[in-house]
Amino acid sequence: MSRNAIETIMGAVVLVVAAVFLFFAYSSTGPKPTSGGYDLSARFSRVDGLRDGGDVRISGIKVGTVVSQNLDPQTYLAVVHINIDQSIKLPVDTIATITSTGLLGENYLALEPGGDEEFIKPGGTIAQTVPAINIFSMINSYLSGGLQPKSNGEKAPPK
């Protein structure tokens, strides 16, 4: 009888440890609240793969976080809200690009500061944006339409 009690207690301990681990994993993977910094927004035609809590980088260095994304019902553009480190001042001609860490890696928002002497004010908008590129769509279009055979059996050059 004591063997069954020990097995029951050990099973309960394992379940409690598993529950604590799952709670910790769930709470640590969500977007982190922004501390300090200032908010900006940018409008994109596509934001494929960009997620809330994602990185905002300049020259590969994290300088901010994607806070949220929503659709503008009038223009049907994706509006991305970001929080930038207070020490970083962005010129008004900054370009925001959605890019990837690798071929199948996570997307992030890359900023390329321009040379203008005027800076974007907190709450402002980054005017110049480059949308995300859908690599699978590009490959599919190349494979399906780019290599169509000519009448003499040769392959046509990509369009």
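Use the structure listed above.
This is a predicted model, so every value here is computed, not measured.

A. Summary view of the sheet that holds strand β7 (residues 125-126). Taken together, 8 strands build an open sheet; the order of strands is β7-β1-β4-β3-β2-β6-β5-β8 and the sheet is mixed. Looking at which strands have only one partner, the edges of the open sheet turn out to be β7 and β8 (128-130). With 7 bridges connecting them, strand β1 (residues 38-44) and strand β4 (residues 78-84) associate as antiparallel partners. Of the residues in β4, the one forming a bridge with serine 41 is histidine 81.

B. How the structure looks around the side chain of asparagine 107. With respect to the helices and strands, the residue asparagine 107 is situated in strand β6 (residues 107-112). A relative accessible area of 14% means that asparagine 107 is categorised as buried. Here the side chain of asparagine 107 touches aspartate 48 through a polar contact of 2.5 Å, landing on its backbone oxygen. Every residue in contact with asparagine 107, bar those within four places of it in the chain, is listed here: Asp48, Gly49, Leu50, Ile98, Thr99, Ser100 and Ala132.

Here is what the cut-offs are and how they apply
- Residues numbered from 1 in each chain as written.
- Predicted model: local features only at pLDDT ≥ 70, side-chain atom pairs only at ≥ 80, totals over all residues.
- Heavy atoms only, no water.
- Pairing = 2+ DSSP bridges.
- Helix = DSSP H or I, 4+ residues; strand = E, 2+ residues; numbered from the N terminus.
- Buried < 20%, exposed > 50% of the residue type's maximum accessible area, 1.4 Å probe, protein only.
- Polar contact = N/O pair within 3.5 Å; in protein donor to acceptor, adjacent residues only side chain to side chain.
- Contact = heavy atoms within 4.5 Å.

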